[in-house]
Amino acid sequence: MASFTPFSLLFLLLLQYPFLSLSSNSEGNALHALRSRLSDPNNVLQSWDPTLVNPCTWFHVTCNSNNQVIRLDLGNSNISGILGPELGQLHHLQYLELYRNELSGKIPEELGKLKNLISMDLYGNKLEGRIPKSFGKLKSLKFLLNDNKLSGTIPRELTHLKNLKVFDVSNNDLCGTIPVDGNFGSFPQKSFENNRLNGPELKGLVPYDFGC
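Rules and cut-offs
- Residues numbered from 1 in each chain as written.
- Predicted model: local features only at pLDDT ≥ 70, side-chain atom pairs only at ≥ 80, totals over all residues.
- Heavy atoms only, no water.
- Phe/Tyr/Trp six-rings, centres within 6.5 Å; stacked < 30°, edge-to-face > 60°.
- Helix = DSSP H or I, 4+ residues; strand = E, 2+ residues; numbered from the N terminus.
- Buried < 20%, exposed > 50% of the residue type's maximum accessible area, 1.4 Å probe, protein only.
- Pairing = 2+ DSSP bridges.
- Axes fitted to C-alpha atoms, helices over the stretch in contact; angles between N-to-C directions.
- Core = buried A, V, L, I, M, F, W, Y, C linked by side-chain atoms within 4.5 Å.
- Contact = heavy atoms within 4.5 Å.

Under an unreviewed UniProt entry, the protein has the name Leucine-rich repeat protein 2 and belongs to Stylosanthes scabra.

As structure tokens, this is what we get:
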């Protein structure tokens, strides 16, 4: 009877499920890189062990049947730090829940690579800088962010998001005018309050970045 060493068994497993291994390892690496950027006084990320085969056993991480990360739930977790470009490697992510923490710095442009993203809740942090224009690539996105320190204009690329149902950027430091194209005409005024916005865009009369 043939005997197999642990190494040979692992090799055979990788041959049988190569995509699964590569996907889960790259996602695990991305999440571990995120963890290295964060301060976690309550140890909510204690289970994020990079030596495991994949991150699907980690707390606050949800995977699909193919062991691909589809949800990250770290809302109201008392974490602080910055978000990095590695989040763009979570290609199957559908829900990014990071609300009510102490996150700071800029929102990575790489989040625009998450084509399967449905919900992105970053509200209640200290994020600053501009809303990335790359968000205009998120065709499935239905939720966005508010209560941060974001500045600059509202990217007109967002008017192309046909599935955008909820958009709230209130309580930031945004300037310019409010888009009127796409679904923006259906969003309530309270979604834009407590900024430096100058009301709805008047096409042909004033530039959209008027007042910035």
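On to the packing of aromatic side chains. Taken as a whole, this structure holds seven aromatic pairs when the rule is applied. Here Phe 167 and Phe 192 contribute two aromatic rings whose centre-to-centre distance is 6.1 Å and whose plane-to-plane angle is 40°, an arrangement assigned as tilted. On the criterion of sequence distance, the pair formed by Phe 167 in the loop between strand E9 (149–152) and strand E10 (173–178) and Phe 192 in the loop between E10 and strand E11 (196–200) is long-range, its members being 25 residues apart. For Phe 167, a relative accessible area of 1% translates into the label buried. Ring pairs connect the aromatic residues Phe 167, Phe 184, Phe 187 and Phe 192, which therefore count as one cluster.

Let's shift gears to the pairing of strand E8 (residues 126–129). As a general feature of sheets, a regular strand has side chains that alternate between the two faces. Burial along E8 is one-sided: the residues Leu 127 and Gly 129 are buried and none of Lys 126 and Glu 128 is. Across three bridges, strand E6 (residues 102–106) lies against E8 in parallel orientation. Bridge pairing links Lys 106 to Glu 128 in E8.

To continue, consider the sheet that holds strand E5 (residues 95–97). Sheets are built from strands paired through backbone hydrogen bonds, the pairs being either parallel or antiparallel. Read across the open sheet, the four strands follow the order E2-E3-E5-E7; overall the sheet is mixed. Each edge of the open sheet carries a strand with a single partner, namely strand E2 (61–63) and strand E7 (119–121). Taking each pair of neighbouring strands and ignoring which way they run, the sheet shows an average axis angle of 15°. One ladder, built from three bridges, connects E5 with E7; its direction is parallel. Note that in E7 the partner of Tyr 95 across the bridge is Ser 119.

One ladder, built from three bridges, connects E2 with strand E3 (residues 69–73); its direction is antiparallel. Counted as the bridge partner of Val 61 is Leu 72 from E3. Linking two consecutive strands that pair antiparallel, namely E2 and E3, is a turn of five residues; a positive phi of about 60° is found at Asn 67 within it. Bridge analysis of E3 against E5 gives three bridges, and the strand direction is parallel. Bridge pairing links Leu 72 to Leu 96 in E5.

This brings us to unusual backbone geometry. In this structure, Asn 43 takes a positive phi of about 60° despite not being glycine. Mapped onto the fold, Asn 43 is located in the loop between strand E1 (38–39) and E2. With phi around 60°, Asn 67 is a residue other than glycine that occupies positive phi space. Secondary-structure assignment places Asn 67 in the loop between E2 and E3. With relative accessibility at 25%, the residue Asn 67 sits in the partly exposed group.

Assignment of secondary structure puts Ser 39 in strand E1. Taking the C-alpha atoms as reference points, Ser 39 and Ile 79, 40 residues apart in sequence, are found 5.6 Å from one another.

To continue, consider the nonpolar core. Within the largest apolar cluster, 47 residues are counted, with the highest numbers of intra-cluster contacts made by Leu 72, Met 120 and Phe 167. Contributing elements (two or more residues each) for this core: helix H2 (18–37), E2, E3 and E10. Ranked by residues supplied to this core, first place goes to H2 with three residues. Non-local contacts of Met 120, meaning those with residues more than four positions away in its chain, are made with Leu 96, Leu 111, Phe 135, Leu 138, Leu 141, Phe 143, Leu 144 and Leu 145.

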